[in-house]
Amino acid sequence: LSYIKMNKKIDILIIVINIFFFSYYSIQLLVFTDEFAQANLGFFNHAVAGLSEIIGIIFITFVIGLIIILFRNIEKQLPIFLSILIFQLACSINFWRYVFTNSPGETNIEIITTNAYLFSIITLFTSILILEIIIDCNMKKKSYSKIAKCLCGGIKIKINGKLRQVINCHCSQC
């Protein structure tokens, strides 16, 4: 029981880290669009501003979704976590591509490397969260499966799902 409680605390911590991560980048992209583009891309124009704002809006939607999950329940939220993971992984790979090819364009390679590390770390955290959700779901499925039989063993049934209280027992008639 303490393992499950500890896992829930770790899950909540990973979600909170993701919220701060996406909040930071969304603020950078939406509020400081000019400065962010200049520092990270090396130039600024209206196309870059529009793209930055769209990505910032995507990040804000991730933040809103994660906050809702915190107040609701982590269970059955695997699709949003997988979407976030795929997005983070794609960004990580893209940043590392620039680092390994040493082709930062107009941008400083140190900034790209920092972003590659940050996205890689948050991708790892999200992967851990997804694995815990999958393991937890599998454990719950197994725990709800029961085999029942009458006293003489002549009848056996497998029950999947939660059991309700016994209303009328016929065991003595077996």
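These figures come from a predicted structure and were not determined experimentally.

**As for the overall build of the protein chain**
Then, number 1: Each helix and strand in the protein chain was counted, giving five helices and two strands.
Then, number 2: Counting helices and strands in the order they occur from the N terminus, the protein chain gives α-α-α-α-α-β-β.
Then, number 3: When burial is assessed residue by residue, the protein chain has 29% of its 174 residues classed as buried.
Then, number 4: Restricting to contacts in the protein chain with at least 6 residues of sequence separation, those with at least 24 account for 62%.
Then, number 5: As presented, the protein chain carries roughly 11800 Å² of accessible surface, and 68% of it is formed by carbon and sulfur atoms.

**Thoughts on a nonpolar patch on the surface**
Then, number 1: The grouping of Ile 27, Leu 30, Val 31, Phe 32, Ile 57, Ile 60, Ile 64 and Ile 68 at the surface amounts to a nonpolar patch, some 680 Å² of accessible area in total.
Then, number 2: Among the elements of the structure, helix H1 (2–30) and helix H3 (46–71) are those that each provide at least two residues to the nonpolar patch.
Then, number 3: Within the secondary structure layout, Phe 32 lies in the loop between H1 and helix H2 (33–41).
Then, number 4: Assessed through its relative accessible area of 37%, Phe 32 is described here as partly exposed.

**Points about the confidence of the model for the protein chain**
Then, number 1: Taken residue by residue, the protein chain gives an average pLDDT of 81. The fraction at 70 or more is 81%.
Then, number 2: Across residues 1–5, where pLDDT falls below 50, the model places zero contacts with residues more than four positions away in sequence or in other chains.

**Notes on the environment of Ser 83**
Then, number 1: On the secondary structure map, Ser 83 appears in helix H4 (residues 78–101).
Then, number 2: Separated by 21 residues in the primary sequence, Ser 83 and Phe 62 place their C-alpha atoms 9.4 Å from one another.

**Some details on the nonpolar core**
Then, number 1: Among the nonpolar cores identified, the biggest contains 28 residues, and Ile 15, Phe 22, Phe 59, Leu 66, Phe 81 and Phe 119 are the most heavily contacted of them.
Then, number 2: Of all elements in the fold, only H1, H3, H4 and helix H5 (109–143) reach the threshold of two or more residues within this core.
Then, number 3: Ignoring anything within four residues of it in the chain, the contact list for Phe 59 reads Phe 22, Tyr 25, Ser 26, Leu 29, Phe 87 and Phe 119.

**Here's the deal with the packing of aromatic side chains**
Then, number 1: Applying the stated rule across the entire model yields 13 aromatic pairs.
Then, number 2: With a centroid separation of 6.2 Å and an interplanar angle of 85°, the aromatic rings of Tyr 25 and Phe 59 are classed as edge-to-face. Of this pair, Tyr 25 sits in helix H1 while Phe 59 sits in helix H3, placing them 34 residues apart in sequence.
Then, number 3: Linked through ring pairs, Phe 21, Phe 22, Tyr 24, Tyr 25, Phe 59, Phe 62, Phe 87, Phe 95 and Phe 119 together constitute an aromatic cluster.
Then, number 4: The side chain of Arg 97 reaches across the aromatic face of Tyr 98, ending 4.5 Å from its centre.

**A look at the side chain of Asn 18**
Then, number 1: Among the secondary structure elements, Asn 18 is positioned in helix H1.
Then, number 2: Within the structure, Asn 18 has its side chain in polar contact with the side chain of Gln 88 (distance 2.7 Å).
Then, number 3: Setting aside chain neighbours within four positions, we find Asn 18 in contact with Leu 66, Ile 84, Gln 88, Ile 122 and Thr 126.

**As for unusual backbone geometry**
Then, number 1: Not every positive phi belongs to a glycine, and Asn 102 is a case in point at roughly 50°.
Then, number 2: For Asn 102, the position within the fold is in the loop between H4 and H5.

**Quick word on H4**
In an α-helix, one turn spans 3.6 residues, which is why side chains three or four residues apart end up on the same side.
Then, number 1: Along its 24 residues, H4 runs 34 Å from first to last C-alpha, staying within 8% of the 34 Å computed at 1.5 Å per residue.
Then, number 2: For H4, the set of buried residues is Phe 81, Ile 84, Leu 85, Gln 88, Cys 91, Ser 92, Phe 95, Trp 96 and Val 99.
Then, number 3: Asn 102 sits one or two positions beyond H4 and adopts a positive phi of about 50°.

**Some remarks on the environment of Leu 82**
Then, number 1: Looking at where Leu 82 falls in the secondary structure, it is placed in helix H4.
Then, number 2: Separated by 45 residues in sequence, Leu 82 and Ser 127 place their C-alpha atoms 8.6 Å apart.

Calculation rules
Residues numbered from 1 in each chain as written. Predicted model: local features only at pLDDT ≥ 70, side-chain atom pairs only at ≥ 80, totals over all residues. Heavy atoms only, no water. Helix = DSSP H or I, 4+ residues; strand = E, 2+ residues; numbered from the N terminus. Buried < 20%, exposed > 50% of the residue type's maximum accessible area, 1.4 Å probe, protein only. Contact = heavy atoms within 4.5 Å. Areas by Shrake-Rupley, 256 points an atom, 1.4 Å probe, with all protein chains shown as cover. Patch = residues over 30% accessible without salt bridge, like charges linked within 9 Å, V, L, I, M, F, W, Y side chains within 5 Å. Salt bridge = Lys/Arg side-chain N within 4 Å of Asp/Glu carboxyl O. pLDDT = per-residue confidence, 0-100. Core = buried A, V, L, I, M, F, W, Y, C linked by side-chain atoms within 4.5 Å. Phe/Tyr/Trp six-rings, centres within 6.5 Å; stacked < 30°, edge-to-face > 60°. Lys NZ or Arg CZ within 6 Å of the ring centre and 35° of its normal. Polar contact = N/O pair within 3.5 Å; in protein donor to acceptor, adjacent residues only side chain to side chain. Expected span 1.5 Å × (residues − 1).

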